[in-house]
Structure formats: C-alpha cells, structure tokens
Amino acid sequence: MIQAIDTRFDDIKREREETPRRIEKLKGDLDLLRKAMDQDLSTLEELKEGRRKVERELEEMEPKFKKSKSRLNEVKSNKEYEAVLKEIAGLKELIFQKEEMVIECMEEIEIQEKECANNNIRWEESQKEYKGREKEFSQRMRELDKEVQSLNEKMSALSEKVDQDLLRRYNSLRMYLRGQVVARVKDFVCQGCHLGIPPQQYNDLIRGDSLLNCPNCNRIIYWGGNNSQ
Ligand SMILES: [Zn+2]
C-alpha cells in the first residue's frame, strides 16, 4: 500500500516535470511559425518593391520612346532613319521585357499574398490550440496538487499503523533505490533487478518466516509463486 502510494508519488513528480516542458515545446513551435510568417511578409514586401521599381523604369522610358518616334519625322538621311528605327525597336523590346517582368511580379505577389493569408489562419488556429493546451495543463497541475495532498494524508495515516521498524527500513531503501522498494520473486528471479536468488534464500523466502532482502539490489522481496506450479 505504501509502495503503491510512493509509486504514484513518483509518477506525479515525473508528470509535473514534464508538463512545463510540453508547454515550452508548444511555445517554441509558435515562435517558429511566427518567424516563418515574418519571413513570408518581408518576401511579399520585396516583391512589391520590385514591381514598383520596374513600373517606375517603364514610366521613365515613356518620354524617351515618344522622343525617338517624333525624331523619325525630322531625320534627313536614310542612314539616320534606320538608326532611329533600330533605336525604337530596341526600346520596344526593352518595354516588352519590363512589362513581362511586371506581370511575373504580380503573379508572384498574388501567390505570396495567399500564403500570408493562410499563415494568418494557421496562426489563429495555433494560438487557440496553445491557449487550450495551456489551460488543460494548468488544470492538470492543480489536479496533481490535490492528489499529492490526499496521498500525503493517506500516507501519514498508514505510517501510524505500520510497524515502525519496517517503515524505517522501507524509507531508507527508498532513498537510494529511487522507485520500487518491494519486489516479487518468481522462479528464483527478483523482479526488481532481474537477478537470481540463491537457492537457500529462495527456500527461506518460500517458508516466509522472516522478511528478506534481495542479495543483489536489497529490495524487500516476497515470494510470488512459480510459473511451473
Ligand atoms: Zn533484486
């Protein structure tokens, strides 16, 4: 009974240590998501800035293009005429390329905007999940606190009834074994350390006259029957 309470104490201790770690892990995931979102947002800004730059360049080319066209009417020689035509063709090609760039930019911006919108949805969901879990965890911690309190009460009630000598032995064993103190012996094997019990001690154990300790791990042992019997 005392052993069962102690085992439960150990479980509770483990869970109390693990819970904050689990919260930390969730928080870390949230931080990573936030970073990815910021990255996506700045990529979007860069794309928009790139589009504005190309659009400005296009605007600047407009008067140049017009000027070249009007020069066509002023040229005197064929040679000059051809040179201006070539210049116009070159400008047209450049304008075409830049317009293509703007269209590409717009498509990328659209994709990136969708990604950012999805990020926001994901963020909302993750936040909600995190808050829910946090609440769940702190509720669980309160439950564990309550359980510890009631276990403590049970333990002190039990300790008064139990043989004080046995209790002392149990407690000192527990201090250095950290965990199970009482172990079953089955087929000559201590179930605490999984090592064999010498035949003489095994026979003593079966007789059950006195309280025995495992010669290997020192746990208080009791006979749990044979498989063959
Ligand atoms: Zn043992």
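You'll find the structure just up there.
What you see is a predicted model; the values in this text were computed from it and never measured.

Draft legend 1. Quick look at the coordination of the zinc ion. Bound to the zinc ion on the protein side are Cys190 (SG), Cys193 (SG), Cys214 (SG) and Cys217 (SG), at distances that span 2.2 to 2.4 Å. Given four donor atoms and angles of 104 to 115 degrees at the metal, the environment of the zinc ion is assigned as tetrahedral. Along the chain, the residues that donate to the zinc ion are spaced as C-x2-C-x20-C-x2-C. With a gap of 27 residues between them, cysteine 190 in strand S2 (residues 189–190) and cysteine 217 in the loop between strand S3 (212–213) and strand S4 (220–223) connect regions that are remote in the sequence. Comparing cysteine 190 with cysteine 217, the two get one shared label, buried.

Draft legend 2. Structural view of the pattern of salt bridges. All chains considered together, the criterion is met by 18 salt bridges. With a closest N to O distance of 2.2 Å, aspartate 145 and arginine 16 form a salt bridge. Separated by 129 residues along the polypeptide, aspartate 145 in helix H2 (residues 78–161) and arginine 16 in helix H1 (residues 2–71) bring together distant segments of the chain. In this structure arginine 16 comes out as partly exposed when scored by relative accessible area, which is 32%. When salt bridges with common partners are traced through the structure, they connect Glu15, Arg140 and Glu143 into a single cluster.

Draft legend 3. View of the sheet that holds S3. Spatial ordering of the open sheet is given by S2-S1-S4-S3, a layout of four strands whose pairing is mixed. Because the sheet does not close on itself, it has two edges, and the strands there are S2 and S3. As defined by bridge partners, S3 adjoins S4 across two bridges and the pair is classed as antiparallel. Bridged to asparagine 213 within S4 is isoleucine 220. Sheet contacts for helix H4 (residues 199–207): strand S1 (182–186), S3 and S4; angle to S4, the most-contacted strand, approximately 70 degrees.

Draft legend 4. Looking closely at helix H3 (residues 164–177). The end-to-end C-alpha distance of H3 is 20 Å, a good match for the 20 Å that 14 residues give at a rise of 1.5 Å each. Taken residue by residue, H3 has Leu167, Tyr170, Leu173, Arg174 and Leu177 as its buried positions. Buried residues in H3, looked at end-on, bunch into an arc of 130 degrees, giving them a common side. For H3, the exposed residues set more than 90 degrees away from the buried face come down to Arg168, Met175 and Tyr176. Structurally, H3 contributes buried residues whose contacts are with H1, H2, S1, S3 and S4.

Draft legend 5. Up close: the packing of aromatic side chains. A complete count under the given rule lists one aromatic pair for this structure. Ring centres of phenylalanine 188 and tyrosine 202 lie 3.9 Å apart, and the angle between their planes is 25 degrees; this geometry places the pair in the stacked category. Of this pair, phenylalanine 188 sits in the loop between S1 and S2 while tyrosine 202 sits in helix H4, and the two are 14 residues apart along the sequence. Looking at tyrosine 202, the relative accessible area reads 2%, which means it is buried. The ring of tryptophan 123 carries the charged tip of arginine 34 above its face, separated from the ring centre by 4.9 Å.

Draft legend 6. Representation of the nonpolar core in the model. Ranked by size, the top nonpolar core spans 15 residues in total, and within it Ile2, Ile5 and Phe9 carry the most contacts. When residues of this core are assigned to domains, at least three fall in each of domain 1 (2–161) and domain 2 (164–223). Those residues in contact with isoleucine 5 that lie beyond four places of it in its chain are Leu151, Lys154, Met155 and Leu158.

Basis of the calculations
- Residues numbered from 1 in each chain as written.
- Predicted model: local features only at pLDDT ≥ 70, side-chain atom pairs only at ≥ 80, totals over all residues.
- Heavy atoms only, no water.
- Donors = N, O, S within 2.8 Å, 3.2 Å for Na, K, Ca; no water.
- Tetrahedral: all angles 85-135°; square planar, octahedral: opposite > 155°, others 65-115°.
- Helix = DSSP H or I, 4+ residues; strand = E, 2+ residues; numbered from the N terminus.
- Buried < 20%, exposed > 50% of the residue type's maximum accessible area, 1.4 Å probe, protein only.
- Salt bridge = Lys/Arg side-chain N within 4 Å of Asp/Glu carboxyl O.
- Pairing = 2+ DSSP bridges.
- Contact = heavy atoms within 4.5 Å.
- Axes fitted to C-alpha atoms, helices over the stretch in contact; angles between N-to-C directions.
- Expected span 1.5 Å × (residues − 1).
- Arc of directions from axis to C-beta.
- Phe/Tyr/Trp six-rings, centres within 6.5 Å; stacked < 30°, edge-to-face > 60°.
- Lys NZ or Arg CZ within 6 Å of the ring centre and 35° of its normal.
- Core = buried A, V, L, I, M, F, W, Y, C linked by side-chain atoms within 4.5 Å.
- Domains from an automatic or database assignment.

Remember, this is a structural readout, not a statement about activity or role.
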